[in-house]
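# Coordinates in review
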Amino acid sequence: MAGFSEIPAVEVPMSKWISDLGWTNRDNEFLKRYKRPLANPIIDEILVNKIASINNISKADAKRVLPILTQHFNNPNTLEANELFLERVVKGVNIKIGEEDKTIRIIDFKNLWDNDFIVTRQYWVQGFELVKPDIALLVNGIPLICVEAKQRAKSNSNYFKGIQDLSLYESKVPKLFISNFFGIAANGKFSKYGVLGASASYFFEWKDLSVESPENNPAIKNKVIATKLNDDTGLLDMDIPAYEQMRRSVCSLLQPERILDMLLNFMVFERSPESGLVKKIARYQQYRAANKIVRRAEKGDFKQGVIWHTQGSGKSLTILFTSYKLRHHKNLGDPVVYIIVDRKDLREQIGDTFEESDFPNTFKPINTGQLKHKIKSQTSEVIITNIQKFRELDGITDPRENVFVLIDEAHRTQYGDFHSELKAALPNAGRYAFTGTPIPKTIKEFGKISTTEVEKYLDRYSIQDAIDDGATREIIYTYGPTDLQVDKDTLKKGWDELTESLEDDEKQEVQRRVRPWKTIIKKPERIAEIAKDITKDFREKVEPNGFKAQLVGIDKEACVLYYNELLKNGFDPSEVQVVFSKTAKESEERYTLFKDHYLNEGELKKVIKKFKKRITPEELRNGNNLKILIVCNMLLTGFDAPIEQTMYLDSPLKEHTLLQAIARTNRPYDDKVSGVSKNNGRIVDYIGIDLNKALSYDPTDVGTFKDEEALFKDFPKAIDKAMGHFDDITLQDTYECSIAIVRRLSEINHTEFEKEFRAVYQLYEAISPSALLVPYRDQYRWLIAIYQVYLSEYKRLDFDAEFYAAKTRQLVNEATEILGFKGHLPEVKIDSSYIDVLNGSKLNPDDKAEKIIRDIETVIRQSEVANPIYVDFLKRLEEIIKQKHNKSKKIEDTLKDLEKLFTEVEETESLPKKMGFADMGEFYFYQEMKNKFGESLEEETAKALAMKLGNIIREKRYVGWADSEREKKSIKNHIEFWLCSDEFESLDLCDEDALVEQFLEHMVNQYKL
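Residues numbered from 1 in each chain as written. Predicted model: local features only at pLDDT ≥ 70, side-chain atom pairs only at ≥ 80, totals over all residues. Heavy atoms only, no water.

- Under an unreviewed UniProt entry, the name given to the protein is Type I restriction enzyme endonuclease subunit, and the source organism is Salegentibacter chungangensis.
- Listed in UniProt under the heading Catalytic activity (unreviewed entry), the comment for the protein reads: "Endonucleolytic cleavage of DNA to give random double-stranded fragments with terminal 5'-phosphates, ATP is simultaneously hydrolyzed."
- Taken verbatim from the UniProt record of the protein, the Function (unreviewed entry) comment is "Subunit R is required for both nuclease and ATPase activities, but not for modification." (UniProt positions renumbered as here; feature names shortened; annotations may be inferred.)

### Section: the packing of helix H31 (residues 715-723) against helix H33 (residues 750-767)
- Between H31 and H33, whose axes approach to 9 Å, the crossing angle comes to 150°. Our pair here, H31 against H33, has a crossing hand that is left-handed. Residues Phe715, Ala718, Ile719, Lys721 and Ala722 of H31 form the contact with H33, whose participating residues are Phe753, Glu756, Val760, Leu763, Tyr764 and Ile767.
- Per-class residue counts for the contact of H31 with H33 are 9 nonpolar, no polar and 2 charged. (Axes fitted to C-alpha atoms, helices over the stretch in contact; angles between N-to-C directions. Helix = DSSP H or I, 4+ residues; strand = E, 2+ residues; numbered from the N terminus. Left-handed = near helix turned anticlockwise from the far one by under 90°. Contact = heavy atoms within 4.5 Å. Nonpolar A, V, L, I, M, F, W, Y, C, P; charged D, E, K, R; others polar.)

### Considerations on the packing of aromatic side chains
- What the rule picks out here adds up to 32 aromatic pairs.
- Between Phe977 and Trp978, the aromatic rings sit 5.2 Å apart at their centres with planes inclined by 85°, giving edge-to-face as the arrangement.
- When its relative accessible area of 52% is taken as the criterion, Phe977 is described as exposed.
- Among the aromatic side chains, those forming a connected cluster through ring pairs are Phe181, Phe182, Tyr193, Trp206, Phe266, Tyr287 and Phe321.
- Between the NZ or CZ atom of Arg283 and the centre of the ring of Phe204, over which it lies, the distance is 4.0 Å. (Phe/Tyr/Trp six-rings, centres within 6.5 Å; stacked < 30°, edge-to-face > 60°. Buried < 20%, exposed > 50% of the residue type's maximum accessible area, 1.4 Å probe, protein only. Lys NZ or Arg CZ within 6 Å of the ring centre and 35° of its normal.)

### What about a negative patch on the surface?
- On the surface, a cluster of negative charge is contributed by Asp982, Glu985, Asp988 and Asp991.
- Relative to the helices and strands, Asp988 resides in the loop between helix H44 (965-979) and helix H45 (993-1007).
- Since its relative accessible area comes to 61%, Asp988 is described here as exposed. (Patch = residues over 30% accessible without salt bridge, like charges linked within 9 Å, V, L, I, M, F, W, Y side chains within 5 Å. Areas by Shrake-Rupley, 256 points an atom, 1.4 Å probe, with all protein chains shown as cover. Salt bridge = Lys/Arg side-chain N within 4 Å of Asp/Glu carboxyl O. Lys, Arg positive; Asp, Glu negative; His and termini not counted. Charge placed at Lys NZ, Arg CZ, Asp CG, Glu CD.)

### Focus on the environment of Asp555
- Tracing the backbone shows Asp555 in the loop between strand E23 (548-552) and helix H23 (556-568).
- Accessibility expressed as a relative area gives 12% for Asp555, which makes it buried.
- Each C-alpha atom, one on Asp555 and one on Ser651, is 8.2 Å from the other, the two residues being 96 residues apart in sequence.
- Asp555 has contacts with Lys518, Lys522 and Cys632, leaving out every residue within four places of it along the chain.
- A distance of 2.7 Å separates a polar atom in the side chain of Asp555 from a polar atom in the side chain of Lys522. (Polar contact = N/O pair within 3.5 Å; in protein donor to acceptor, adjacent residues only side chain to side chain.)

### Quick look at the side chain of Asn624
- With respect to the helices and strands, the residue Asn624 is situated in the loop between helix H26 (617-621) and strand E25 (628-631).
- For Asn624, a relative accessible area of 2% corresponds to the buried category.
- In terms of polar contacts, Asn624 uses its side chain to reach the backbone amide nitrogen of Leu626, at 3.2 Å.
- When neighbours within four sequence positions are excluded, Asn624 is seen to be in contact with Lys548, Lys610, Lys613, Ile615 and Glu619.

### What to know about the pairing of strand E10 (residues 191-194)
- The alternating pattern of E10 places Ser191 and Tyr193 and Lys192 and Gly194 on opposite faces, both of which are buried.
- Examined bridge by bridge, strand E9 (residues 182-186) and E10 share 4 bridges and lie antiparallel to one another. If you follow Gly183 over to E10, its bridge partner there is Gly194.
- Counted between consecutive antiparallel strands, the loop separating E9 from E10 contains 4 residues, among which Gly188 sits at a positive phi close to 90°. (Pairing = 2+ DSSP bridges.)

### Description of the sheet that holds strand E19 (residues 403-408)
- Within the open sheet, the 7 strands sit side by side as E17-E18-E16-E19-E20-E15-E21. Their pairing is parallel. Two strands close off the open sheet at either side, each with one partner strand: strand E17 (362-363) and strand E21 (459-461).
- Relative to strand E20 (residues 430-435), E19 runs parallel, the two sharing 5 bridges. Each residue of the ladder has a partner; that of Ile407, found in E20, is Ala433.
- Packed on one face of the sheet, helix H13 (residues 315-328) meets strand E15 (304-309), strand E16 (336-341), strand E18 (382-386), E19 and E20 and runs near 175° to E19.

Put into structure tokens, the structure is as follows:
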């Protein structure tokens, strides 16, 4: 078993890299001089000094800022408190100095190095529990960034554990959560950053290696990090080898200038009825694209460009971040930013993003008249409008240079008269096109940077980039039964034969009226067969996991036909909803066919809201059982519903429409309650689209779409890799087999094994049910059984079939012998009879020692924060493990040492009384001193001091004392008095300020009433 410490492998090198970037490395011993109470995450003295110097005010006035800044530290709504705190950090705090109202800056965003940047390790903060982020990054004394470091080669630890630890700050140490900008989880291989409390799907690597201000960057000036010129951007990039994945991400993200830029311009708090308050920070492609536009705007040489970011990459937020930075840029003279969309729902989507983010000075003109007024007035704000309003502007122009036009989904209608009007009205504007599906016209119009040169894109973030980053999911593209696909070549040949005697104009008239290809597609027998196939597929593959689907028909009539057939196949009307728009002029016959499915605007919003929610008992009680949307044009673009996993496609879409449509299924989805996570999106194609012809893009731009057969090609290799660790073990339902598996699990890299298991599991869920998997069912069952043992023996987790998605869960439930396999291992509860039960098992001495080690480690990891004695236990356990590995003792003697240690661990609760202490509180004081001074501690004197402190607090406490600052100050004085008293002088504790704070915080937690 490897050592437990992440310190040399992760914490130490990370701290060194961060300090190379310009952060000052300070250890705990140095920081003690500031006498920070552990309950306060901020180092007040540093913050006061910086506020005074940045604002040129007295320290007395600077101190007045602190209670205003931290006013919401006790707000029970911690995320709201985080928003209010960071808003004051960014915008400053208003106070009155003399007769003058002043805005006092907390951070100097203009003069970077006038701020104080500190990186430190093991930064203790006391809340409801004592928590110590492995690394903390403080700006002017505020711990804006916390890092949880895990060692990838360590048992019971991985990158997900780091994210889990960060997520617990909100409940364990609310004040640390409130003062936090973002967190980082690192595991020795890579690091990912994200908002505290977000799921792992929303933690990402930072991949923009560009150097901020190389002329002033300490890492570059001191030649600690090599650089190379990026030909695409013209900027210097950090030249760090790709295999140093963690270092690349840490060094590029944590440049001080970049952190302040992100804090100022790339953080947003959104409010919506569906999600409530949500905090978001920019991902690297959003940051990169926005800053490219701003740099181009500053230079003023090229005034346009294409931002090509794939569907699901957060273009709306990229536009918001770009707008914010343009509007607040000191060198652009208070500009106006026009955000141009081409559909009402897109305008609402973009507008909602700005409104939910409380973006100031934003206006959405209702009509052309209002837009004309804004152009004529030459205002400075953000104006969100449709391209269609740029008509009949009567020659009104805004000729200013500081006008910027950000055009969303710029492949649609921006190339006709409307766009000509826009260019005429804003002749000197910078124009930037945002699109996930660019077409040649987009590049030609917005990529022209000289008379001879066309730039393909200013910034690109491809489908494959998004998949690699985990921002979107891979899409599996599979075909429905081939006999149901439309043979368009045969259809065309038959049509030519039927109409060969007609004139061209007669042919066109007949085709307009008959549209034979649509007639074939909507043939009742064909619709009925496809509806049967969809029903089977949805019930078996989609519904069991709680996901939802869209069915895309050729037109409104096809949608109604599919709706009727799905009802015949057992769907309840509450499960299926047709969504299409109302046409102004319709025949009576068509109106009669469609009228029951028309929705007004309010009804449509309710349907969309229902579709986005997971079906739960509560949702069912509220009348939401919606699982499938049937559409023809609506909701194919600009519609995000992460719960949608499958699209049934029966319409010959092409180009950007096809690419946007199939991207509806690629959004990540994680349900915290059920634990369900989307591994991939799915397209089931019944029309028979040739993807290579339909998507006329470079394959490197759009990535690849795997079908189920192609996906299966990876399955045998993946399962062989995961099971390869156990090749020499005869897999059978016996004790010998189970013990052999436990031994092997103790020898392999647990992080890699978890990764291998997840790869197999995700492939199985994506492919099943399929006849291709039948030969592998037993092997997969054994892999699940082994993983059960792993969870039980090394994670201390009971097996729960709900952990798995539906298809694997079904397989597990069918195999009762798998569920019973773990029964060969001794079921040992960690209690007073533990050793006796273990001695009565079949385990040999080596296996018994390994089991005790695993179980002791579990108890220590669960309890080390709550009680300092576990720190001592951990050191002793590490020493025993070394002896076992080095075989410096007989295994029988090692077992005795382990049994003795376990007995002490198990008896920890009763140990205080055995040692003569009145309660656990006194024992804590003693143990904290012992951990600090070790063997040199005068134990009897330390015991006497611990008992004295216990007596003091028991005598003085009363209901509510812990909430009184005055009372706590009095108790603190008592602690300081006795630590410095002659009676305990030999302990030499008089200057131990940190120990005073720890004792006080412990008294508050242990003795409050």
